[in-house]
Every structure is written in C-alpha cells, then in structure tokens.
Amino acid sequence: MKASTLPWLFRTCPSACLNPSSCVVGRLYFCLTDNMNTSGVETHSIASGRSVPSVSEIQNRMKEILSKYRNGVWMSKIAQIYEETYREELSTTVLRQLEHWPHVCTVEKVCTGDQTYGIVYPIKRIPPAVKSNTEQDKASQNVTPSKADPQLKTSRETESASCSSDFKQNVVSILVKYPSGLWADALPKLYQDTYQRKFPEGILNNLQVLSDICVADYVSNAPQKAILYVKTQSCTDENLNVTGKVQVPDGVKATAEQQREEPKEQYPESISSVPPLIIPSEGPVSVLVIEVNNTNELIIRYVGKDYSGAQEQMEDKMKAYYSKNSTASQITFPSVGQLVAVHTEEEAWLRARIISVENKRLKVYYVDHGFSEVIESSRAYKLHKQFCSLPFQVAKCKLAGLEVFCDDPLLVKAVELQTYCKIFAVEILERSDIPLFVLYDTSGEDDVNINATCLKALYDKSYELNLQVDTLYSNVRVTSILSDGNLYCQLPSEGLSKLSEVLQKIEDYLLHKTSEFNVSQPFCGKICLFLCKGKWTRVEITIIQSRRALGVRFMDTGRVAYVKVSDLREIPSQFLREVIKIPPQAIKCCLADLPPDSGMWTPEAVLWLRDHLNCAFFLKVVKQDGSKGIAHVYLFAPEDFPNKDRSVNRRIVNADLWKHQKDVFLSVAPAGGGSTKGTGDAALQLNQGRLEKSDSLEPAVEPRGADSATDMPPPLPLSEVGGFMDVYVSVACHPGHFIVQPWKEIHNLEVLMEEMILYYSMAEERPVNVGTNKLYAAKIENRWYRVIVKEILRKGFLSVYVLDYGKHEVISIDKVQPLLDKFRKFPFQAIKAQLAGVRSQQWSEEASIIFRNRVEKKPLVAQIQAINESTNSWDRKIVTYLVDTSLPDTDIWIHDFVSQSLAELSEAD
C-alpha cells in the first residue's frame, strides 16, 4: 500500500531509488547548538537600494519557507524558492550554514552513488536520530538502573532479543514484494501471516533499528505512519554482514536483474532529453485544434508527414516495443515531471508526463495529444530513449486580430465552437514561442477566415440591421452597386449614429498622430481605418495582393477596392472595442421581380442604376433570402412612392437593357508576317447592352482608334548575340517554346501591376469597344494585366495574350477596360524563346514535362544565340542557351540536361 503522497525524495529525484547501484547509506541529522558560528552569512539584494537583511530575518524567512514543505525540500531548490518569495538572492554561504541552525531546520544528507544531496526539513519534523552501536551503548551506560524507566528497559531488551540478522532478513523478504512501499503498521500482520511468529513489540515505535535494511519515510508525527522501502540488495547484505542472500521471489529477482543490466540513460526522465518542436517552414501548414483556453493560447498539433505522420509511426513502434519489454520497463517509483509510456485502455501506447502522484494513481499529461488523465500506476512504464527523438507534438498558437479580446467569454466560446477538433489551413504571420496565426476552413467551396468569423461574436446585436418583410424604410442611401446588379444600402439606425460618433472621436484623436498608427502587419480579416473623402471609414482586408497593395471591403458601404498599405491605419486601442462591436451598416439587396430572362447584367444596366440611384429612396422589403444573406426589395424615389410602375425596378425593366441578340462569333485570322492587321479589323461595341459588329473603328467612350506604333511602349532592350542576360522563366511549354522575363525588371513590373490594381479597382467600369489586336487592361484572377485581344469568341468571351507574362487566357468581355497611356510606357516584359543546343523536333509529353519541371518559375542565365525580329515587340523570339547557376560549384547547361533526358527516354522505350 502506498501513501497518499510519495516522499519528496522519490518525487524529485527518483534516481535514488530506481538505480540499483545507488542507495541511501545513511541519514545524518545535524542538531547542533544555537551558538554555532553564523559569521559569513550574507545576501545580495536584487533591487539596488534595498537593505541587506539580518541573520535573524533570514532565519525567520527560512522557517516560513519550510512551513510550506512539511515533507522536506531539496537544498538545491532553497535558493530558487527564496528568490521567488522575497525577490532577493540567497548566498551559498547561507546554504552551508543551514545544518548549523537546528533551531531553524533539520538537514538530512542523502548519498546516491557518488553524489551527496541535502534535504531540508522544518524543525518540528525531526525523525528519530540514527545512532551508531557505540553511541547507543554509551547512552545506555549513562542511564543507571535505578533511574531508567521500566518500560524503556523492557523495550530495549525486546529490541535486543528480536533484531537479529534472521529477523531482518525476514523483513527484507516481505519488503521486496512491495517495491512501491509498505505502510509500517501493516508489517506486523504480514510478518505473522508469513512466518507464523509474532512481530516483536516496540519495533514500530523505533524504526531506526531497521534503518540498515529499509528507508522509513514519515508522513506524520506518529512513528507508525511511515512508509517502508527496502534498500537495494547490495546495501542490505553489507549492513547485515552476511554472505548469503535473501531469497527473493523469482519475478522480483528477474526484474531487478534486468534493471541492473539496463543503463539509466536508456530511459531519460527529463523533458530536456526531447528536442523542441519547430514550426513548419516549407509548404502549406495545417493544424488540428485540440483545446481552446483563450484566443492567445490555442492548443494545437501540426498535421503533416514530419509531425502527425511521424507521431503515428512512433506510437506504432512503441506498441511493438512494450509488448515485448513491458515487465522490464515498469516504473517502481513514479515522480512528478517524469516522462513515461502509458498503456491506454484502447491498447495504444502514448508518451506522457506525470503531473501528480496519489496512492497508486497517477495524473498524466499526454504530451502528443494535449489532454490529461488519471491512470493506475501499473499502466505507466519507463520511456525508452528511442522514443525521445521526436519533439512533443502539442503546441500553442494565438489568433491574429483577436489578441485584445483574448479572454472575452463570447469570443472564446465562438472560437471553441468553430475550431475544436477540426483541421485548418494556416497563414503564419509571426514565428515565435507562441506563433501568430490566421486559420482558414478549406472544407467547403469557399475558404472561411476563422479569425474574422469569430470576431463577429463581439457584435452588439442591438446595433444590427434586421429588415422586416413588407416593411417600408425611408431615407435609404444606395452606397454601392456591384457589376452583377446587387446593391448595398444604408439605413438610418442607432448603429449608424453610434458609428459616426466613434469615428468622429477617432478623427479628433488622429488629427496629429496618423503616422504612429501605420499598419505594419496586414492580414486577411484585419479591420483597419481608411481615409476616404476626408473621413475615416472602417475597412476589412480581403486580399493581400503585394507588399504595397491590398484588397479591402468598406464595411459600411459594401464597396470593394484596392488601396495602398501606407494609406491604412490601425484602430487606436482605446477605441477598438467600440469600433468592433458595431456590425457592418450596409445591407446587401437586389431588385425584386425582375424578368426571369433578364440574363447577365450589362455595363449599361449597371451604369443606368448608378445614374438613377444617387439620392435618398424609399425601400420596401418583399422577401429575405437567408441562405445568401440578401434582401429582395423595391426602390422608390420619394415622389414616386407608392406607384409600383414608377419604382426603380419597373423603370429599369422598361429601359430594355437585357435584350441580347444571338451570340456573335467573329473569326479573326492570325496576324501574319509580323503585321498587326487582321482580316476586316473586327471590333465589338457595347451599345445599349447589345453586342454588335461595329461599322466604325472609333469607340464611343475611349478616344482611340486601332493601336498604332505611337500607342505602343518601346521594345524591350535585349543583350547582344553571344551576351549573357539574367532571366526568369515565367512559362515553359517545351524546349521549342518558353517565355523569359528580364530579371532586372521584375521589381519594376511588380510596381506597374500594383499601380494598375489600385487604379482599376477604384475606377468605375466603362463601356469599351473590343477589337482584335488591340491593347486593353484585363482583370484575371483579381489582378489587372496588360493584354492584347487575339480573338473574339462566342457568348461574350475573349481570347487574350498577357503581354508581360506570355500566357494565353480566355476571359469574359466585361473584364476588360481601356489601357491608359500611363500604363503604356513600360516595355512589355514577356520574351518568346527557344532553347539552343538541341535539335528542333516534335517534343513528346514526357520531354516537355521534364523540361518544364527543370526551368519553369526559376531564375536562370541566358546566353542569346540569335534574335528573330518582328513588327510587334511581343512577337520577337530569341534562340538562347539557359544556364542554372544556383549550385555553388557547378553550372548546369539546360541543353545538356535535355539531351541526356532524351537519351534516357529513348533507352527506356
């Protein structure tokens, strides 16, 4: 049977009992007089200017400390505890003097192997002193028979008669069956049941007579309330001075022999033996959330081959190992902080750390799974060193944008509901001990920003806009009209009034402090301030386009745009909660009861709405689409209400903006001989929503005819034949056709792209005449590119060539806008190329893939062998060698690599 609390010796330094080669060779108690020399005692104050405490003050402090450690504390821990308690360093001189202060404490010396340790006890806990036989004889001689207590005399006679070697060997035989300890008051019954002899009286009141064969740990002032631990066999034999050995049961003997054969280093017990967990640095990162304490401390596990995959492999190996070695690896004396292998009820083997010990039960924390459990001590085994090479898989993270509200119960609950036991993609913003993350749920059709979603839990519902069906609202402003005809409307409300009040306070505060609140760490979902028309507005970052340009959504108007990072400001901390708690004040709507065959909204229809919705309106809700978060409404000018025929809905239908003719297909012959002229100079003009073949080449809006040489940027300068040029391969089809960009212009190209994004995202859409072999700005995957239209396809689609990247794309006609003159100054960056040094041929799919994987999206060096000029700069083509110079000692010529690959493919065929 074990005590409710294991001795401090075993909880703190289990090696003293687990290592068979070490044993407690004696317990020395120093109870010296008060007049011992205390000179040399000193302390060093941490904070300057503080007085040095006196010796008596230090002694009183030591008494206070020890009163909290009734079962003793290691002397090596005293200085740390003292400093944490009193904010002062404790001199080592004081530690040396402790054994000379018997009125303050009792010091016990414990020997384990070649090391000697000290355990310090409070003065009230004085275990019976261990005296030598000579000292005992002297003490008995000093007591005359006439003065001696009769009971004491009887007791001594009993002890002398009973504590023979045979008796002690019998006690050892019992204690070895209880490696986890035996209550002292249980020993007499076990002794009598085993040997059919009465256990000698008086032994339990003076356990010092058994000190040569066992260690007694006192858990109270009563001598019988002690736990007895057998000493190792070598110490017991030496103390008993016997040549024979105690008969130990075969199972216990075999275990002890195995433990002696296993070096201690095979079973590390400290977490310092395990390497730290490193945040993944390459590829996409995913995590499993296993616990939410607050938003600054999410408990996670990384998912991936080197993390969760490696952990599963390790646990499989643990299962195989311990199924064969479980007996040899059993823990005798578990201690707090010890690393163990736990055999779970599900027959798995998991790594764990002991966090508390009580009776035969342990509370363990599973270091790879992040939860705690109380288990029987028999299920804990020593952790072999081969299972210490993998870092503990449990880690922590904090969620970006939620730091200020990390302990808010509503927010923590929302995060827990959204994340518990789910896997997320991660954007790492900051690598630190607790990294800063943005979590994304990628399980659905659209990626969901978890940080931004959970932030909505802080909304004050009294400020929310809840439109009611069949209700009329006045003084409604249409704040944004999207290209698909959807609207965002702003209604007079308490939330809008509160928002205006808060933003005005922020404006007054930021009047002379704007530079102090520049946004240094933008991320999707972050809410910032943006100065629009002289007023600060709330925006949410939706796209990180580049280091300079961001996509944002104006929260209270519904408008989307690209802005410069330098134009954004952080919300001052004292206003942050006020700003966040107000929900977006723009309601998404669509016009109700439009004809079902209205089809795609044309730019003309969108422009008509913008021209006619520039004042306050009456709004009537006819239906709510909760799944899409959109209200179907009727809009009326004040003078037209309630006449439905005069509503905006009916007027736009009557404007006849959706009637399309049949699809127009124009077959445009490719330009030949370097000419830009196609057959017929075909063009499409958007005229009242109809796609028509234009008789005139002059666009109605864009004052420009067919692009002439003066409208084109200058040709890109190339190196001379035989010269070298640093390039970046943007597209690689096969050795006969790939695209390179001049490396030195990459930065300037990015600047141009950012400027186009910022301009076109803020500009209103304009009707455009679309013609072949003409230049435009085109929106492709949320970025704006310079393109030339190669062909006009069916159903309003265009085939375009991206002039700076060398890609062919098919886009909708409504994705093009006029290319401004300021974006025509920079030379087109895509250069068509052919690999020199290889024979021109019909390249197989295998050869093309090998070439593409070797060069695409990589910086290389080009040595130009020939330049094939053309009338159009984008049709020029170079024949060039490519060289990979990324290796420190070797340059790889790509044509040699291709030739070798072709030879290997031929041999394989």
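Residues numbered from 1 in each chain as written. Predicted model: local features only at pLDDT ≥ 70, side-chain atom pairs only at ≥ 80, totals over all residues. Heavy atoms only, no water.

Taking an unreviewed UniProt entry as the reference, the chain is identified by name as Tudor domain containing 7 belonging to Pavo cristatus. Regarding the chain, the UniProt comment filed under Subcellular location (unreviewed entry) reads as follows: "Cytoplasm". (UniProt positions renumbered as here; feature names shortened; annotations may be inferred.)

### Details of the overall build of the chain
Within the chain, the secondary structure is distributed over 21 helices and 44 strands. Scored against the burial criterion, the 909 residues of the chain give a buried share of 46%. For the chain, restricting intrachain contacts to residue pairs at least 6 apart in sequence, the fraction spanning at least 24 positions comes to 65%. Of the roughly 45900 Å² of accessible surface on the chain, 49% is carried by carbon and sulfur atoms. (Helix = DSSP H or I, 4+ residues; strand = E, 2+ residues; numbered from the N terminus. Buried < 20%, exposed > 50% of the residue type's maximum accessible area, 1.4 Å probe, protein only. Contact = heavy atoms within 4.5 Å. Areas by Shrake-Rupley, 256 points an atom, 1.4 Å probe, with all protein chains shown as cover.)

### Structural notes on the sheet that holds strand β36 (residues 775-780)
Spatially, the five strands line up as an open sheet ordered β39-β38-β37-β36-β40, and their pairing is antiparallel. Strands with a single pairing partner mark the edges of an open sheet, and in this sheet they are β39 (807-812) and β40 (816-818). Neighbour-to-neighbour, the strand axes of the sheet open up by a mean angle of 50°, direction not taken into account. Both β36 and β40 contribute to a ladder of three bridges, which runs antiparallel. Bridge pairing in β40 links Ala-778 to Val-816. (Pairing = 2+ DSSP bridges. Axes fitted to C-alpha atoms, helices over the stretch in contact; angles between N-to-C directions.)

### Brief notes about the pattern of salt bridges
With the rule as written, the count across this model stands at 25 salt bridges. We note a salt bridge from Arg-548 to Glu-755, for which the minimum N-O separation is 3.3 Å. Here Arg-548 is found in the loop between β24 (535-544) and β25 (549-554), whereas its partner Glu-755 is found in helix α19 (residues 746-762), with 207 residues between them in sequence. Ionic pairing is found between Arg-650 and Asp-645, a salt bridge with its closest N-O pair at 2.7 Å. One continuous salt-bridge network, built from bridges that share partners, spans Lys-498, Glu-501, Lys-505 and Glu-578. (Salt bridge = Lys/Arg side-chain N within 4 Å of Asp/Glu carboxyl O.)

### Topic: the sheet that holds strand β13 (residues 349-358)
The five strands lie next to each other as β15-β14-β13-β12-β16, forming an open sheet whose pairing is antiparallel. What marks the edges here is a single partner per strand, and that holds for β15 (372-376) and β16 (380-382). When the angles between neighbouring strand axes are averaged without regard to direction, this sheet yields 50°. With five bridges connecting them, strand β14 (residues 361-366) and β15 associate as antiparallel partners. Residue Arg-361 lies in a different strand from β15, and its bridge partner there is Glu-376. Set on the sheet, helix α12 (residues 305-325) makes contact with β12 (339-343), β13 and β16; between it and β13 the angle comes to about 75°.

### Description of the pairing of strand β33 (residues 724-734)
Looking along a regular strand, one sees the side chains alternate between the two faces of the sheet. With five bridges joining them, β33 and strand β42 (residues 859-868) adopt antiparallel strand pairing. Residue Phe-724 lies in a different strand from β42, and its bridge partner there is Gln-863. Relative to strand β34 (residues 737-742), β33 runs antiparallel, the two sharing six bridges. Across the sheet, Val-731 pairs through a bridge with Ile-739, a residue of β34.

### Some words on the packing of aromatic side chains
This structure, assessed with the given rule, holds 28 aromatic pairs. Here the aromatic rings of Tyr-760 and Phe-823 are separated by 5.8 Å at their centres, their planes lie at 40°, and the arrangement is tilted. Of the two residues, Tyr-760 sits in helix α19 while Phe-823 sits in the loop between β40 and β41 (831-835), which places them 63 residues apart along the sequence. Like Phe-823, Tyr-760 is buried. With centroids separated by 5.6 Å and ring planes inclined at 85°, the aromatic side chains of Tyr-785 and Tyr-805 adopt a geometry described as edge-to-face. Of this pair, Tyr-785 sits in strand β37 (residues 783-792) while Tyr-805 sits in the loop between β38 (797-802) and β39, and the two are 20 residues apart along the sequence. Clustering of aromatic rings is evident, with ring pairs tying together Tyr-321, Tyr-322, Trp-349, Tyr-381 and Phe-387. The ring of Phe-554 is capped by Arg-559, whose NZ or CZ atom sits 5.9 Å from the centre of that ring. Here the basic side chain of Lys-832 rests over the ring of Tyr-801, its NZ or CZ set 5.3 Å away from the ring centre. (Phe/Tyr/Trp six-rings, centres within 6.5 Å; stacked < 30°, edge-to-face > 60°. Lys NZ or Arg CZ within 6 Å of the ring centre and 35° of its normal.)

### Brief notes about the packing of helix α15 (residues 494-509) against helix α16 (residues 573-580)
Interaxial distance between α15 and α16 falls to 10 Å at its minimum, and their mutual angle equals 160°. Compared by their axis directions, α15 and α16 come out roughly antiparallel. In the crossing of α15 with α16, the sense of the turn from one axis to the other is left-handed. Contact residues: α15 offers Lys-498, Val-502, Lys-505, Ile-506 and Tyr-509, while α16 offers Gln-574, Phe-575, Glu-578 and Val-579. Of the residues in the contact of α15 with α16, the class split is five nonpolar, one polar and three charged. (Parallel < 35°, antiparallel > 145°, perpendicular 65-115°, else oblique. Left-handed = near helix turned anticlockwise from the far one by under 90°. Nonpolar A, V, L, I, M, F, W, Y, C, P; charged D, E, K, R; others polar.)

### Let's talk about the pairing of β38
Of all six residues that make up β38, five are buried, and the element is covered over most of its length. Direction of pairing for β37 relative to β38: antiparallel, over a ladder of five bridges. When the bridges of β38 are listed, Ile-788 appears paired with Tyr-801. Inspection of the sheet shows β38 paired to β39 by six bridges, in the antiparallel sense. Considered in β39, the bridge of Tyr-801 is made with His-808. Hairpin connection between β38 and β39: a loop of four residues separates the two successive antiparallel strands, and Gly-806 in this loop has a positive phi of roughly 75°.

### So, helix α8 (residues 165-175)
Of all 11 residues making up α8, eight are buried, and the element is well covered by its neighbours. By the burial criterion, the buried members of α8 are Phe-167, Lys-168, Asn-170, Val-171, Val-172, Ser-173, Ile-174 and Leu-175.

### Comments concerning the side chain of Gln-311
Mapped onto the fold, Gln-311 is located in helix α12. With a relative accessible area of 1%, Gln-311 lands in the buried category. A polar contact is formed between the side chain of Gln-311 and the side chain of His-369, at a distance of 3.0 Å. Non-local contacts of Gln-311, meaning those with residues more than four positions away in its chain, are made with Arg-301, Asp-368, His-369, Leu-390 and Gln-393. (Polar contact = N/O pair within 3.5 Å; in protein donor to acceptor, adjacent residues only side chain to side chain.)

### Some thoughts on α12
Its 21 residues give α12 an end-to-end C-alpha distance of 28 Å, which sits within 8% of 30 Å, the value for a rise of 1.5 Å per residue. At its buried positions, α12 is contacted by β11 (297-303), β12, β13 and β16. (Expected span 1.5 Å × (residues − 1).)

### With respect to the nonpolar core
Counting residues in each nonpolar core, the largest one holds 44 residues, and the members touching the most others are Leu-298, Ile-300, Tyr-302, Leu-439 and Ile-506. Contacts of Ile-506, omitting those with residues within four sequence positions, involve Leu-529, Ile-571, Pro-572, Phe-575 and Val-579. Listed in part, the 39 residues of the second largest apolar core include Ala-777, Ile-780, Ile-811 and Val-816. (Core = buried A, V, L, I, M, F, W, Y, C linked by side-chain atoms within 4.5 Å.)

### Re the environment of Lys-526
Mapped onto the fold, Lys-526 is located in the loop between α15 and β23 (527-532). Looking at Lys-526, the relative accessible area reads 12%, which means it is buried. Apart from residues no more than four positions distant in its own chain, Lys-526 is found in contact with Val-519, Gln-521, Val-539, Glu-540, Ile-541 and Glu-570. At a separation of 3.0 Å, a polar atom in the side chain of Lys-526 contacts the side chain of Glu-570.

### Considerations on the confidence of the model for the chain
Mean pLDDT over the chain: 77, with 76% of residues reaching 70 or higher. Scored below 50 in pLDDT, residues 1-50 makes 133 contacts in the model with residues more than four places away or belonging to other chains. Contacts for the low-pLDDT stretch residues 125-161, under 50 throughout, to residues beyond four places or in other chains number 22 contacts. (pLDDT = per-residue confidence, 0-100.)

### Details of unusual backbone geometry
That bond from Phe-641 to Pro-642 is cis: its omega, 5°, falls within 30 degrees of zero. Relative to the elements of secondary structure, Pro-642 occurs in the loop between β30 (630-636) and α18 (648-654). In this model, Asp-470 sits at a positive phi of 65°, which is unusual for a non-glycine residue. Looking at the element boundaries, Asp-470 is found in the loop between α14 (450-455) and β21 (472-481). The backbone phi angle of Lys-857 is positive, close to 65°, even though this residue is not glycine. You can see Lys-857 is positioned in the loop between α20 (845-855) and β42.

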